[in-house]
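Commentary on secondary and tertiary structure
Take a look at the letters that make up each chain.
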Amino acid sequence: MTALASTAARVRQPLGRTQAIGWFIVVVGLFTVFGMGVGTGTAPSSTLTFTPVDVSHGAPWHLGNLTLPTEWTLVLLGAVIVALGAEVLVRRLAKGAMVRVGLMAIVFLVAVLVWASRQPGPSQVPFINVTAILVGSAAITMILIYGSLSGILCERAGVVNIAIEGQFLGGYLVGEMIDSATNNWLLATVGGLVIGALMGWLLAFLAIRYLSDQIIVGVVIVTMFTGLASYFNSWVLTPYPNLNNGNIASNLAIPGLMKIPIVGPTFFDETGFFYLMLVLVGLVSFALFRTRWGLRVRAVGEHPQAAASVGIGVERTRYVNVILGGAVAGVGGVAFAAIQGQFTPSITSGFGYIALAAMIFGRWRPSGAVAACTLFGVSAYLAYNLQSYQVPISTEILLMFPYLITIAVSAGLVGRVRPPAADGIPYSRE
Amino acid sequence: MRLELRGITKKFGSLTANDHIDLVVEPGQIHCLLGENGAGKSTLMNVLFGLLQADEGEILIDGQPVRLANSGDAVRRGIGMVHQHFMLVPVFSVAENVVLGFEPTRSLDRLDYARAREDIRSVSREFGLEVDPDATVESLPIGLQQRVEIIKALGHDAQLLILDEPTAVLTPQEADALMAIMRSLAASGKSILFISHKLKEVRQVSDVITVIRAGRVIGSVPPTSSESELAAMMVGREVSLVVEKAAATPREPVLEVRDLVVRDDRGLAVVDGVSLEVRAGEIVALAGVQGNGQTELVEAITGLRHVESGTVLLGGRDITNRSPREILDAGLGHIPEDRQRDGVVLSMSVADNMVLNTPRRAPFARRGTRNLAAVRDNAETLVESFDVRTSSVDAPLSSLSGGNQQKVIVARELSRPLEALVASQPTRGLDVGSIEYVHREIVRVRDEGHAVLIVSSELDEVMALGDRVAVMFQGRVTGVVDPSTSREDVGLLMAGSAPAGSR
């Protein structure tokens, strides 16, 4: 009788989120098979190549090109996506649905590349340079990871830092000016760290001392700083262009490791900011989940009253973490300057918000955030660069891609995410 | 530990929450602090636990005056507190919760989980409190979560345990188990300060009972005092502890719930196939430990929560998934569980609150314009007949006491044409005097021939008020019994097992 009742309940249940995601994945897979794969024309082929384009230290290795039959490759990739969707539907995956969506996105991106580069075809570029894509994406991914780590540090302690975008901008501006003046990225990093920390302190001060709505305070800080940066741009940078000379940090290749095919140029021929990011990911991960400090931070973010009842200073913890988070985002802004060069007022173009979405997609964990940032980074990079493949979609639409994923993720359309219980809720003792 | 409070006074603005309170807890003693809601018990405990600072008076531990600036100080002095709302992080493991704030570490500030587990096991062994250190707290039943709170206090080497309304969330069996634990802790030399307003359990477990009322100590008495003596001390006058009502004369069913399935915010079926029937002229009392689907059931009946499947009938009409306004207009009265959130608008006047769910109806409005004179007249009549103590009908509701706020809701709901009344926790947080009043009104509604559904987590109230008692456990009705059934059997139903001979 009880089994019957619950079956009846299930039958009458409207299309649940898990099923919706499952069907969505299946549809994407079917589109890959039938929309892009079957009937691509008279036996075209796609070629993958692996030699880096911009070889700063020479590639001691040479991998041959890999030529694939476009149609069958797409059918195969589509089948993989359909299988992922079917798995979600059949096993009623609620928790793993997010991971499947991520995998789907990656496979689909590969499929789009294979499809776009087919020869004969409209593409001007007759091959896909896998290494170039990875190297190019690594830079964007790095920026996003700085932002996500900042978000994790703040939100694990219960404060939403939506001001990451502004902290990026602050770090970028200050970093660019200091480097232009001194030609020293280390000093620039210190400058970005300080400005980020100050902006973090401002957010913390308003959110903790005055219990303001953190989202509003964050948006206000971003808006205020955008205006301030524009002002600075017209009144300082334009008259003194030598404060904005657009230097780009040179790579510090790691001898030996950089020679590994594909992996070498992607991970071991990078700027110092990339290595610093790797260290920070490990450090934040370790500190949050292995140390006493991390346990207390997470307790403050989950149940501040419980933390307070054992003598943990809730306000103090939040201050420290939001300032730390601001500092990390500020350094991220300097890193941005180090790969992008000259400052313009809208240079950060929403990366701070995407980083925040990646943090949610990654479930407030450094490891998850790294995976989500990689996905977002690769798709953003491709959106900027697919144009050269003459894809019959306008550039503007392609550039929306990372933002579309961001909307889907932050609206909770993908998987079930559970933020720290006290995230965004002002804490007061009474 | 010997704890002594001397002349503790704590004021909030013009309100004196604690007025020169003196109290002594001897080592190995279970000392009960008995008082109504709002008598100042919680304030006193917060002062003792360092969460608030007293304006006057001193705290002595083993004869030495101490200053407790925060709860960390209190814990270091050997005071442990088991809060009414557990101070546990739900997503942390038992071990993480127990060591929080006093973590054993290895190099690099790393947590020493091995030592944490070992510490918990040794406390478990010493006091017979078994629990898996690696279990996630939210996966544990409430009774075990409370045990974790106790272990946490003992783990910090508490010599004095403060238990704040510890049985409020427990089944009768779990409450009995807790009292056994309290006795064995006292036997091993720990002092226990036990806060409660439940007369039965207080007499059962205490060595000394101190009664406080309106912030003052009324007196200390032995547990042999009778319940009515204790109640009179608590309230300040003789009170009737039994609800006087004639036998019910039930007629046709008015409120019918059939195979109802409702999901909570997380998507779990918290009401899982409930069928229930309330007839005209009877009170059905729904018992159960908090969080077993009662709240969601009431929300579904009143249109505040989506019904997944099943039907709700009111006087034969299908009201399933109708809007709250349609349901209220169909003749369902609702006294909500959280009155300040769902029942009233605190910043609005008494008069406006009394027409909160009938603002469009004549004579309170005509063609979309409010008739303020009618609203006022209505309020003055109701204030008079329901004995609401307020300075004026224009006073904001926030200026009324909790009991009078509840009277405003009762007046509003009972003064309009009703088929059935659903009342959730109708006396929560009220003083004994107001409780008596609300109970009488509910019985009056029944005697006028309406159907009444009461939801309460206070077993005494359920047994006193109900003509039939339905028990809910994990989203299902585990039994419908006569109120003469023993508390033990109802307790078993509340824990999900059917006693012999029910149904």
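This one's a predicted model, so the numbers in the text were calculated from it and none came from an experiment. (Residues numbered from 1 in each chain as written. Chains lettered and ligands numbered in written order. Predicted model: local features only at pLDDT ≥ 70, side-chain atom pairs only at ≥ 80, totals over all residues. Heavy atoms only, no water.)

Residue and element names in this part refer to chain A. Spatially, the three strands line up as an open sheet ordered β2-β1-β3, and their pairing is mixed. The strands lining the two open edges of the sheet, one partner per strand, are β2 (66-69) and β3 (128-129). Of the strand pairs in this sheet, strand β1 (residues 45-49) and β3 are connected by two bridges, and their pairing is parallel. What sits directly across from L48, in β3, is I128. Here helix α3 (residues 70-91) sits on the sheet in contact with β1 and β2, set at roughly 80° to β2. (Pairing = 2+ DSSP bridges. Helix = DSSP H or I, 4+ residues; strand = E, 2+ residues; numbered from the N terminus. Contact = heavy atoms within 4.5 Å. Axes fitted to C-alpha atoms, helices over the stretch in contact; angles between N-to-C directions.)

A few words on the packing of helix α6 (residues 164-182) of chain A against helix α13 (residues 314-340) of chain A. A pair of packed helices is captured by two measures, namely the crossing angle of their axes and the spacing between those axes. Residue and element names in this part refer to chain A. Viewed as axis vectors pointing N to C, α6 and α13 meet at an angle of 55°, and their least axial separation amounts to 7 Å. Taken together, the axes of α6 and α13 lie oblique to each other. In this structure, α6 meets α13 at a crossing whose hand is right-handed. Contacts between α6 and α13 involve I164, Q167, F168, G171, Y172, G175 and E176 from the former and G325, G326, A329, G330, G332, G333, V334, F336, A337 and Q340 from the latter. (Parallel < 35°, antiparallel > 145°, perpendicular 65-115°, else oblique. Left-handed = near helix turned anticlockwise from the far one by under 90°.)

Right, let's get into the packing of aromatic side chains. The full count for this structure, using the stated rule, is 12 aromatic pairs over all chains. When the centroid spacing of 5.5 Å and the interplanar angle of 90° are considered together, the rings of A:F205 and A:Y210 count as edge-to-face. Every member of this aromatic cluster is reached through a ring pair, and the members are A:F168, A:Y172, A:F336, A:F343 and A:F351. In this structure, B:K407 packs its charged tip against the face of B:Y437, placed 4.7 Å from the ring centre. (Phe/Tyr/Trp six-rings, centres within 6.5 Å; stacked < 30°, edge-to-face > 60°. Lys NZ or Arg CZ within 6 Å of the ring centre and 35° of its normal.)

Residue and element names in this part refer to chain B. Within the secondary structure, R416 is located in the loop between α14 (402-414) and β19 (420-424). We classify R416 as buried; its relative accessible area is 8%. Polar contacts involving the side chain of R416 include one to the main-chain carbonyl oxygen of L328, which spans 3.0 Å. R416 has contacts with L328, L332, G333, N357 and T358, leaving out every residue within four places of it along the chain. (Buried < 20%, exposed > 50% of the residue type's maximum accessible area, 1.4 Å probe, protein only. Polar contact = N/O pair within 3.5 Å; in protein donor to acceptor, adjacent residues only side chain to side chain.)

Turning our attention to the pattern of salt bridges. Residue and element names in this part refer to chain B. Under the defined criterion, the tally for this structure stands at 39 salt bridges over all chains. The residue R279 makes a salt bridge to E282 at a minimum N-O spacing of 3.3 Å. Salt bridges sharing partners connect three or more residues here, namely R2, E4, R6, E26 and E58. (Salt bridge = Lys/Arg side-chain N within 4 Å of Asp/Glu carboxyl O.)

At the interface, 26 residues of chain A touch 33 residues of chain B. Approximately 2,500 Å² of surface area, both sides summed, lies buried where chain A meets chain B, with 60% of it carried by carbon and sulfur atoms. Applying the counting criterion to the chain A and chain B interface returns two salt bridges. B:D109 is the salt-bridge partner of A:R292, the closest N and O atoms lying 3.2 Å from each other. Going through the elements one at a time, α1 (2-12), α10 (272-290), α11 (292-302) and α12 (304-309) of chain A are the ones with two or more residues in the side of chain A that touches chain B. Per-class residue counts for the side of chain A that touches chain B are 10 nonpolar, seven polar and nine charged. (Buried area = accessible area lost by both parts, 1.4 Å probe. Nonpolar A, V, L, I, M, F, W, Y, C, P; charged D, E, K, R; others polar.)

In this section: the domain arrangement of chain A. Residues and elements named next belong to chain A. In terms of domain boundaries, chain A breaks down into domain 1 (16-126) and domain 2 (132-393). Listed as interface residues are 23 residues of domain 1 and, on the opposing side, 23 residues of domain 2. Of the roughly 1,900 Å² buried at the junction of domain 1 and domain 2 (both faces included), carbon and sulfur atoms supply 78%. Our enumeration of links across domain 1 and domain 2 arrives at zero salt bridges. (Domains from an automatic or database assignment.)

Residues and elements named next belong to chain B. Listed in full, the buried residues belonging to helix α17 (residues 487-494) are V490, G491, L493 and M494. The buried residues of α17 occupy an angular sector of 160° when projected down its axis, which confines them to one face. Once α17 finishes, G496 follows within two positions and takes phi at roughly 95°, a positive value. (Arc of directions from axis to C-beta.)

Size of an interface, as often reported, equals the accessible area lost when the parts are brought together. Residue and element names in this part refer to chain B. Partitioning chain B into structural domains gives domain 1 (3-225), domain 2 (240-331 + 418-503) and domain 3 (343-416). The straight-line distance from the C-alpha centre of domain 2 to that of domain 3 is 26 Å. Across the contact, 14 residues belong to domain 2 and 13 residues belong to domain 3. Taking both partners together, domain 2 and domain 3 bury about 1,200 Å²; carbon and sulfur atoms supply 60% of that area. If you sort the residues of domain 2 by the area they bury against domain 3, L328, L418 and Y437 come out on top, with a joint share of 42%.

Further remarks concern the environment of A:L276. All names here are of chain A. As for its position among the elements, L276 is in helix α10. Owing to a relative accessible area of 32%, L276 belongs among the partly exposed residues under this scheme. A C-alpha to C-alpha distance of 39 Å links L276 and R118, two positions 158 residues apart in sequence. Setting aside chain neighbours within four positions, we find L276 in contact with Y146 and V331.

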